[in-house]
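Architecture and fold: a report
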Amino acid sequence: MSGLGELILAAALFVGGHFVASSAPVREPLVARLGERGFAGLYSIAALALLVWTIGAYGRAPVVPLWDAPRWAYYLPAIFMTLACLLLVCGVSQDNPTAVMRRLGPGDHPAPGILAVTRHPVMWGIGIWALAHIPANGVAADLVLFGAVAVLALGGTFAIDAKKRRAWGADWDRFAAATSNLPFAALAAGRARLDPADIGWLRVVGAATLYALLVFFHPFIAGVPVPGFDPGMAP
């Protein structure tokens, strides 16, 4: 198989495979047989193989224009990636009970640090990255790739919530009452309070460093510089 069809198939299996493997009817018998760590290892290998196939298929896909991106669309990634980088850095460096093989303890603060913004900072960081790049990339292959990543990341937040709700019982109710899936929703509703000290300046510096690295390497990865960071670029 070649062309755009291969990319669509690979992306569909990559996304669908995650949701099928994490569903209770499939996951629970495998965990019972392999254990949590064994299942996580098998899951990771399969996901990595499908990701490699998807990226390879994207590189082989033909250029099929779908729309002419307006000038403003080129600046969306540069703007929204500031939030995405902060969510990613905080999400990977802060303890999070929604992570694999983790849970909220009876005496734990339910929403410290970035969890006051969203209980799924890493997933939303990836989702924002994908969604922000769609308007500026009016090519079929880009729509399939970024769309698949967005569906996986943001749809995955609901799958994680459902899994934790089943496993935690009353602890889930306490956690959900103090947090939100949608970024800033719990803060806007007054159910959470963001203390900048819980974020810490080191994480802010880390997010700024990640952003700078992405801007620097963007021409080598994507073939074009980030608008606003190259005076000679005319989108």
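Here, every reference points to the structure presented above.
In what follows, the accompanying structure is described. (Residues numbered from 1 in each chain as written. Predicted model: local features only at pLDDT ≥ 70, side-chain atom pairs only at ≥ 80, totals over all residues. Heavy atoms only, no water.)

So, on to the nonpolar core. Counting 23 residues, the largest nonpolar core has L87, I114 and Y211 as its most contacted members. Contributions of two or more residues to this core are made by α3 (76–93), α4 (121–133), α5 (140–168), α6 (170–178) and α9 (201–222). At seven residues, α3 tops the list of elements feeding residues into this core. In this structure, L87 is in contact with I114, V117, T118, P121, V122, W124, G125 and I128, ignoring residues within four places of it in sequence. (Core = buried A, V, L, I, M, F, W, Y, C linked by side-chain atoms within 4.5 Å. Buried < 20%, exposed > 50% of the residue type's maximum accessible area, 1.4 Å probe, protein only. Helix = DSSP H or I, 4+ residues; strand = E, 2+ residues; numbered from the N terminus. Contact = heavy atoms within 4.5 Å.)

Further remarks concern the environment of F216. Locating F216 in the fold gives a position in helix α9. When the C-alpha atoms of F216 and E6 are compared, they prove to be 31 Å apart, with 210 residues separating the residues in sequence.

Another aspect to go through is the side chain of R119. Position of R119 relative to the elements: it lies in the loop between α3 and α4. Reaching out from R119, the side chain makes a polar contact with the side chain of T179 at a distance of 3.0 Å. Those residues in contact with R119 that sit more than four places away from it in its chain are N96, T98, D161, W172, F175, A176, T179, S180 and N181. (Polar contact = N/O pair within 3.5 Å; in protein donor to acceptor, adjacent residues only side chain to side chain.)

Although it is not a glycine, F184 adopts a positive phi angle of roughly 75°. Tracing the backbone shows F184 in the loop between α6 and α7 (185–188). Given the relative accessible area of 41%, F184 is considered partly exposed.

Following the criterion strictly, the structure yields eight aromatic pairs and no others. Pairing F39 with Y43 gives two aromatic rings, centres 5.8 Å apart and planes at 40°, and the pair type is tilted. Taken together, the positions of F39 and Y43, both in helix α2 (residues 24–60) and four residues apart, correspond to about one turn of that helix. By relative accessible area, which is 8% here, F39 ends up buried. A relative accessible area of 26% places Y43 in the partly exposed class. An aromatic cluster is defined as three or more aromatic residues linked by ring pairs; in this entry it consists of W168, W172 and F175. (Phe/Tyr/Trp six-rings, centres within 6.5 Å; stacked < 30°, edge-to-face > 60°.)

Take α5 next. With 29 residues, α5 extends 41 Å from end C-alpha to end C-alpha; this agrees with the ideal 42 Å at 1.5 Å per step. Along its length, α5 shows its largest kink, about 30°, at G156. Remark: G169 follows α5 within two positions and exhibits a positive phi of approximately 65°. (Expected span 1.5 Å × (residues − 1). Bend = angle between axes of the 7 residues up to and from the residue.)

Using the criterion set out here, one finds zero disulfides in the structure. C85 carries a free sulfur, and the closest cysteine sulfur to it, the one in C90, is 11 Å from it. Accessibility expressed as a relative area gives 0% for C85, which makes it buried. (Disulfide = S-S within 2.5 Å.)

Let's shift gears to the packing of helix α1 (residues 4–22) against α2. Two elements in contact, α1 and α2, have axes whose closest approach is 9 Å; the angle formed by their N-to-C orientations is 165°. Between α1 and α2, the angle is such that the two are roughly antiparallel. In the crossing of α1 with α2, the sense of the turn from one axis to the other is left-handed. Considering only residue class, the contact of α1 with α2 consists of 18 nonpolar, three polar and three charged. (Axes fitted to C-alpha atoms, helices over the stretch in contact; angles between N-to-C directions. Parallel < 35°, antiparallel > 145°, perpendicular 65-115°, else oblique. Left-handed = near helix turned anticlockwise from the far one by under 90°. Nonpolar A, V, L, I, M, F, W, Y, C, P; charged D, E, K, R; others polar.)

It is the contact of α4 with α5, at a shortest axis distance of 8 Å, that shows an interaxial angle of 150°. Judged by the inter-axis angle, α4 sits roughly antiparallel to α5. The crossing of α4 and α5 is left-handed. Residue-level contacts link M123, W124, I126, G127, W129, A130, L131 and H133 of α4 to F146, V149, A150, L152, A153, L154, G156, T157 and I160 of α5.

Let us now look at the pattern of salt bridges. Within the structure shown, the criterion is met by three salt bridges. Here R60 ties to E6 by a salt bridge, and the two come within 2.5 Å at their closest N and O atoms. Here the residue R60 occupies a position in helix α2, and E6 occupies one in helix α1, the gap between them amounting to 54 residues. We note a salt bridge from D161 to R119, for which the minimum N-O separation is 3.1 Å. Of the two residues, D161 sits in helix α5 while R119 sits in the loop between α3 and α4, which places them 42 residues apart along the sequence. (Salt bridge = Lys/Arg side-chain N within 4 Å of Asp/Glu carboxyl O.)

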